[in-house]
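Here is what each chain is made of, one letter per residue.
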Amino acid sequence: MEMKLFDIDIIEYGFFITAIALVLIGLYAVLIKKSLIKIVIGLSILDSGINLLLITIGYVKGGTAPVFSPSVIKDMPLTMENIKKISEGMVDPIPQALVLTAIVIGFGVTAVALSLVIRLYRHHQTLNIDQIKNLKW
Amino acid sequence: MKRILVIALLVVFGIYLAQALFMLEFGQQFFESGVKDLYLTASPLKLKVANTVTAIVVNFRGFDTLGEVTVLFLATTSMASILYKGRHKLGKRTVLFSASNIVTTGSKFLFPAIILLGAYVFIHGHLTPGGGFQGGTIVATGFLLMLLAYSDYKVSHIVLSVVESFAGITFATIGLFGLVYGGSFLENFLPTGILNNLVSGGVIPIIYIAVGLKVGAELTGLIYIALNEKD
Amino acid sequence: MVGSPVFFIAIPLLVAFIIPLAGYVSKELVRILPGLVLIYLLALSFSLMGYVMEYGTIVEQIAGWAPPWGINLVYSPFTGFLTTLMLFIGLVIWIYSYRFKNVDFEEGKKFFILFLMLVTGAVGIVLTGDIFNQFVFIEITSIAGYALTAFYRGRDSAEASFKYLMIGSLSSMFLLLAIALIYSQLGTLNMADIASKSHLMLPEFKILALIFFIIGLGIEAEIFPLNGWAPDAYSQAPGPVGAAFAGIVVKAGVYAVIRIIFTLFDVEGTHEFLIVAGLITLLVAEMAALKQTRLKRMLAYSSIGQMGLVLIAFGIGTEAGVFAAIFLMFNHAIIKSLLFLSGSYLVYNSSEKFISEVNGMGKYLPITAVLFSLGAIAIVGMPPFAGFWSKWSVLTAAAHEGMFMIIGMILLVSIVELVYYFRIINRIFFFKMEDHIEPKRPTANALIAMFALGVIILVIGFYPGLITGYIHEASQSLLDKGKYIHDVLSAGVLTR
């Protein structure tokens with residue numbers, strides 16, 4: 001069943017739409033929400049959105065995981081042509097490697113953010129960002 | 001008022017971005033030839049590593065992984081620095097409620113299984129999907145389970161710190177050996193073996209095991225710092 | 001040559017991993033190791049600079065794969081010059097903060113690890129030839145920055161750090177988006193490769209990627225209006241860290257923006273954009289500096305304004321303009337660091353760091369006060385100090401292009417700078433000290449560090465020729481896009 005909206009196939013571009021939606025939700029939380037925890041959660045959602053976007057870019061229609069496991073090679077001799085043929089049916093591995101790194105980095109930043117929230121809470125006894133704004137412009 | 005403005009801005013941003021992205025054909029690559037073409041052939045043929053993503057993460061783009069490992073190290077150091085409270089580094093935990101019997105008994109069985117799974121994942125990183133980061137996270141989850149089940153579970157800070165440092169030193173040193181014996185930093189200098197064997201890929205599994213241990217130690221340390229911060 | 005460019009990254013990382021272990025052995029070791037690393041790397045950088053001035057750019061491959069399949073480091077007259085500058089400032093700051101937190105060992109250990117990583121991250125941003133690798137180094141620098149900003153307990157440091165973190169995370173998001181867009185079009189992440197293939201991108205993607213890059217990197221480079229985090233972070237961080245932010249980190253950010261605009265993309269109107277953005281940044285920041293009542297915030301705004309001036313100079317685009325910009329970066333790094341380091345002692349024992357608290361310090365801390373004044377006069381651009389030559393270069397470069405309105409604005413802003421800096425010098429020497437302040441004498445190592453910077457300001461002021469040769473090479477290296485692409489990609493075939 002094809003669903004078309006603005007001439008786009010929704011099923012196909014669902015990934016992009018979801019990724020962008022996640023990014024927008026994350027941005028909304030970071031910019032509007034008042035509770036520190038919600039802001040950090042927003043950051044996390046933002047990261048997820050971007051990572052999803054990156055992986056979607058690497059998708060190849062009908063492709064399989066870029067792993068040359070025994071079931072894929074199936075006793076074929078390891079020549080350049082054979083490998084090339086197999087690799088044409090594989091998904092792009094680079095976005096996956098990039099996202100691996102990006103997820104870990106995002107996690108590191110979230111951990112630091114949460115430790116700052118803990119310290120802010122210790123100091124001000126509140127998580128409301130309006131009451132914490134001591135520093136003026 | 002501010003809310004409406006922000007929403008409007010976000011909607012505009014989203015539409016603009018979506019418009020650009022929809023110009024890409026989903027599932028088709030736009031470019032004629034890219035770096036990945038070489039990666040997909042060189043990984044099984046030259047490096048004898050079955051999991052291409054691992055080959056990219058540890059070898060082709062190993063420098064990024066070194067940076068990433070540093071980021072994790074920095075995150076742990078930063079967390080300890082930000083939450084530091086003076087002489088008494090670690091306080092007592094806030095325990096909201098004790099875990100039930102099911103949890104305490106079950107976790108004793110699950111813990112070794114989880115550790116084994118994690119170790120399996122990072123040792124076989126070059127053969128199956130997975131690797132150092134994934135395996136290390138699983139190991140840390142095992143520790144998290146124990147920390148949640150037993151309110152007095154202790155992990156030795158010193159052991160974690162030593163494992164972390166040693167793993168990091170191993171990674172950097174292997175890289176430097178690559179410079180000395182191979183000609184460039186992080187170059188593979190061990191024999192690569194046969195594809196799909198456990199011992200294959202030269203230094204790649206060794207690096208990934210070090211990364212797995214490091215990540216496991218670091219994440220456990222992170223959890224431990226956060227749990228014990230309340231005096 | 002006693003090493004290769006990868007040592008600039010590998011050695012500090014190795015030492016950073018070793019420091020926790022070294023801490024169990026001996027406490028002094030923890031302080032000494034970063035210094036030894038910086039000394040070694042600085043020496044290496046000097047020798048490499050000598051090499052590249054004669055033989056040309058060094059391109060080092062990592063992991064044995066030639067670019068664009070492998071990541072590469074590029075040590076060119078331009079990147080090498082910046083690296084040497086950043087390492088030098090890092091070493092000076094290390095000397096200054098050697099006794100820092102002498103009381104508490106645990107905190108000192110963390111400070112030195114974080115500081116070493118801050119410097120290394122910045123050097124990595126400059127030396128790398130791969131956009132995703134650059135992103136990783138930006139994150140390293142940023143996380144070290146977040147932790148160092150929140151280093152002091154109490155006051156509002158956690159808030160400043162959180163603000164920095166939030167804005168920094170937005171910057172990461174924009175960078176990743178830009179990288180995603182570029183990769184989807186070109187299939188490569190190598191800067192030289194992208195530069196040679198950028199015409200293959202769809203124009204919408206190109207513009208969007210460029211915008212995202214500028215927003216993402218502009219946050220590190222403190223372009224208005226993306227610099228909201230900077231005054232808080234600079235003022236709440238410990239003195240040496242503020243100097244590191246102003247002298248090292250922001251330079252790396254500006255470098256990244258310039259590399260994108262000059263090498264990666266060739267889009268109409270980017271130079272005009274640089275001039276406009278630089279002008280706005282300059283005006284807003286300097287006006288804000290005038291209104292400040294706290295010393296470090298004032299220095300922070302002044303620093304942001306100076307970076308605006310650098311952007312204007314780059315925007316002029318001619319060789320004279322680029323020359324002036326690099327010269328400005330050099331002078332600003334040295335002078336601003338001196339101002340932050342000496343200013344830190346002038347307001348040491350106060351909690352609010354009000355400017356009024358420097359009253360009368362000239363009597364009790366004469367050397368520090370003189371050094372601060374030297375820095376202030378130099379940065380405003382008075383001869384015969386170093387700052388004069390760089391300001392002069394900008395003005396002549398602008399005059400060549402007939403941009404008289406810009407010259408007018410720069411002169412106007414210089415007058416503003418004169419006002420707020422001389423206000424302080426006036427207070428230091430001619431006012432009576434406030435009652436509740438106890439001046440803190442700087443330690444010997446701090447004095448040596450500040451002295452070293454002061455000496456350079458004087459020397460370059462009288463003999464600018466000592467450095468202009470390097471800057472000329474550097475500016476040519478930046479402007480020659482074809483050479484960059486050729487140097488990196490000429491390895492062509494794989495090494496194996």
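**Q** Any chance you could break down the interface of chain A and chain C for me, citing the residues and the numbers?
**A** With 23 residues of chain A in contact, the opposing surface of chain C contributes 23 residues. Residue assignment for the side of chain A that touches chain C shows that the elements contributing at least two residues are α2 (36-57) and α5 (93-124) of chain A. At 12 residues, α5 of chain A tops the list of elements feeding residues into the side of chain A that touches chain C. Partitioned by chemical class, the residues of the side of chain A that touches chain C number 18 nonpolar, four polar and one charged.

**Q** Can you explain the packing of helix α12 (residues 295-316) of chain C against helix α16 (residues 386-400) of chain C? Please cite residues and give values.
**A** Residue and element names in this part refer to chain C. Contact geometry of α12 with α16 gives a least axis separation of 10 Å together with a crossing angle of 35°. For the crossing formed where α12 meets α16, the hand is left-handed. Of the residues in α16, those in contact with Leu-309, Ala-313 and Ile-316 of α12 are Val-394, Ala-397 and Ala-398. Residue composition of the contact of α12 with α16, grouped by class: six nonpolar, no polar and no charged.

**Q** Explain unusual backbone geometry residue by residue, including any values.
**A** Of note, the bond from Phe-224 of chain C into Pro-225 of chain C is cis; its omega dihedral lies within 30 degrees of zero at 0°. Relative to the elements of secondary structure, Pro-225 of chain C occurs in the loop between α8 (203-221) and α9 (229-236). The phi angle at Gln-125 of chain A is positive, at roughly 60°, despite the residue not being glycine. Along the polypeptide, Gln-125 of chain A turns up in the loop between α5 and α6 (129-132). Of note, Lys-48 of chain B is a non-glycine position whose phi angle comes to about 60°, a positive value. Inspection of the secondary structure puts Lys-48 of chain B in the loop between α2 (35-47) and α3 (52-60).

**Q** Give me the environment of Leu-41 of chain C: which residues, what numbers.
**A** Residue and element names in this part refer to chain C. Along the polypeptide, Leu-41 turns up in helix α2 (residues 27-55). Since 25 C-beta atoms lie within 10 Å of it, Leu-41 is described here as buried. Sequence-wise, Leu-41 and Phe-7 are 34 residues apart; in three dimensions their C-alpha atoms are separated by 7.7 Å. Here Leu-41 is in contact with Phe-7, Phe-8, Ile-11 and Leu-87, once residues within four sequence places are set aside.

**Q** So what's going on with the environment of Pro-384 of chain C? Which residues, and what values?
**A** Residue and element names in this part refer to chain C. Mapped onto the secondary structure, Pro-384 falls in the loop between α15 (366-380) and α16. Between the C-alpha atom of Pro-384 and that of Gly-461, which follows or precedes it by 77 residues, the distance is 5.3 Å. With sequence-adjacent residues up to four places away left out, Pro-384 is seen in contact with Gly-461 and Phe-462.

Thresholds applied
Every chain is numbered on its own, with residues counted from 1 as its sequence reads. Chain labels run from A onward and ligand labels from 1 onward, assigned in the order the entries are written. In keeping with the model being predicted, local features are shown solely for residues with a pLDDT of at least 70 and side-chain atom pairs are shown and tallied solely at 80 or more, while totals for entire chains, interfaces and linings include all residues. Contact between residues is assigned whenever the C-beta positions, reconstructed from backbone atoms, fall within 7 Å. Secondary structure counts use DSSP, requiring at least four H or I residues in a row for a helix and at least two E residues in a row for a strand, with both numbered from the N terminus. When residues are sorted by character, Ala, Val, Leu, Ile, Met, Phe, Trp, Tyr, Cys and Pro go into the nonpolar class, Asp, Glu, Lys and Arg into the charged class, and all the rest, Gly among them, into the polar class. Every axis in this analysis is a line fitted to C-alpha atoms, fitted for helices over the stretch in contact. Angles between the N-to-C directions lie between 0 and 180 degrees. Should the near helix be turned counterclockwise from the far one by less than a right angle, the crossing is left-handed, whereas a clockwise turn marks it as right-handed. Buried residues are those with 20 or more other C-beta atoms within 10 Å of their own C-beta, exposed residues have 12 or fewer, and partly exposed residues lie in between; C-beta atoms are placed from the backbone.

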